[in-house]
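Tertiary structure, described
Chain by chain, the residues run as shown.
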Amino acid sequence: MRRLADALYDIALTLWVGGLWAIGYLVAPTLFAALGNDRQLAGALAGRLFELIGWVGLACASYLLLFTLLRSGSVAMRRWNFWLVVVMLLLTVVGLFGIQPLLAQLKADALPREVMESVLRNRFATWHGVSSVLYLVQSALGLLLVTVFRHTAR
């Protein structure tokens, strides 16, 4: 059973961090390049993918934290990997339940126009920028977790 738990830890970490990098830095830019004439469709598809990886992040972070706490007890709270996962989880929650709904509401409020052609353009651009920075921080923390701190969980 211990081997299965260890394997699930590796799978959860790989799925979450790999998904962050694949969607954020490969898929989303490819969507905008391929659908250049339809930025609204590209944005809708990218938004849906960011939402999905947010849900994946919630599930994976929950497992990673539970695994670490059950394996190490209160000692886990003295380890960098535990706190990296906590910060990544908080960034996921802020993005999924705070920023993404706000961006969706701004898009809806701009209808029938595209948000970037409306009076809401600056507000949307600001929140999109905040979202991008938080996503970059989360991706970098994930990279640190995979490359430096992964083995300290066990």
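Above this text is the structure in question.
Residues numbered from 1 in each chain as written. Predicted model: local features only at pLDDT ≥ 70, side-chain atom pairs only at ≥ 80, totals over all residues. Heavy atoms only, no water.

So, about the overall build of the protein. Scanning the protein from N- to C-terminus turns up four helices and zero strands. Helices and strands in the protein line up, N terminus first, as α-α-α-α. Projected onto its principal axes, the C-alpha coordinates of the protein cover approximately 55 × 25 × 25 Å. Taken over 154 residues, the protein has a buried fraction of 36%. (Helix = DSSP H or I, 4+ residues; strand = E, 2+ residues; numbered from the N terminus. Buried < 20%, exposed > 50% of the residue type's maximum accessible area, 1.4 Å probe, protein only.)

Trp16, Leu64, Val85, Met88 and Leu145 are the most contacted members of the largest nonpolar core, which totals 28 residues. If you list the elements that add at least two residues to this core, you get helix 1 (2-34), helix 2 (39-72), helix 3 (80-110) and helix 4 (121-149). Contact partners of Val85, with chain neighbours within four places excluded, come to Trp16, Ala61, Leu64, Leu65 and Leu145. In this structure, Ile99, Leu103, Ala110 and Leu120 belong to the second largest nonpolar core, which totals seven residues. (Core = buried A, V, L, I, M, F, W, Y, C linked by side-chain atoms within 4.5 Å. Contact = heavy atoms within 4.5 Å.)

By the secondary structure assignment, Ser72 is in helix 2. For Ser72, the side chain forms a polar contact with the side chain of Arg79, separated by 2.6 Å. (Polar contact = N/O pair within 3.5 Å; in protein donor to acceptor, adjacent residues only side chain to side chain.)

The next thing to look at is the packing of aromatic side chains. Scanning the model with the defined rule gives seven aromatic pairs in all. Ring plane angle 35 degrees and centroid distance 6.0 Å describe the contact between Tyr63 and Phe67, whose orientation is recorded as tilted. Note that Tyr63 and Phe67 are positioned in helix 2 at a spacing of four residues, about one turn of the helix. Here the aromatic residues Trp21, Tyr25, Phe50 and Tyr135 are joined through ring pairs into a cluster of three or more. (Phe/Tyr/Trp six-rings, centres within 6.5 Å; stacked < 30°, edge-to-face > 60°.)

Before going further, it helps to spend a moment on the packing of helix 1 against helix 3. The geometry of helix 1 relative to helix 3 is characterised by a closest axis approach of 13 Å and an angle of 45 degrees between their N-to-C directions. Between helix 1 and helix 3, the crossing angle belongs to the class labelled oblique. As for the relative orientation of helix 1 and helix 3, their crossing is left-handed in sense. Along its contact with helix 1, which presents Tyr9, Trp16, Val17 and Leu20, the element helix 3 presents Asn81, Val85, Met88, Leu89 and Thr92. Its residues assigned to classes, the contact of helix 1 with helix 3 shows seven nonpolar, two polar and no charged. (Axes fitted to C-alpha atoms, helices over the stretch in contact; angles between N-to-C directions. Parallel < 35°, antiparallel > 145°, perpendicular 65-115°, else oblique. Left-handed = near helix turned anticlockwise from the far one by under 90°. Nonpolar A, V, L, I, M, F, W, Y, C, P; charged D, E, K, R; others polar.)

Turning our attention to a nonpolar patch on the surface. A surface patch of nonpolar side chains, about 450 Å² in accessible area, is lined by Met1, Leu4, Leu8 and Ile11. Inspection of the secondary structure puts Leu8 in helix 1. According to the relative accessible area criterion, Leu8 is partly exposed, its value standing at 36%. (Patch = residues over 30% accessible without salt bridge, like charges linked within 9 Å, V, L, I, M, F, W, Y side chains within 5 Å. Areas by Shrake-Rupley, 256 points an atom, 1.4 Å probe, with all protein chains shown as cover. Salt bridge = Lys/Arg side-chain N within 4 Å of Asp/Glu carboxyl O.)

Another point: the pattern of salt bridges. For the structure shown, the criterion picks out two salt bridges. Asp6 is paired through a salt bridge with Arg71; the nearest N and O atoms lie 3.0 Å apart. Of this pair, Asp6 sits in helix 1 while Arg71 sits in helix 2, placing them 65 residues apart in sequence. Classification of Arg71 by relative accessible area gives partly exposed; the value is 22%. The partner of Glu51 in a salt bridge is Arg48, with the nearest N and O atoms 3.3 Å apart. Note that Glu51 and Arg48 are positioned in helix 2 at a spacing of three residues, about one turn of the helix. What makes Arg48 partly exposed here is its relative accessible area of 44%.

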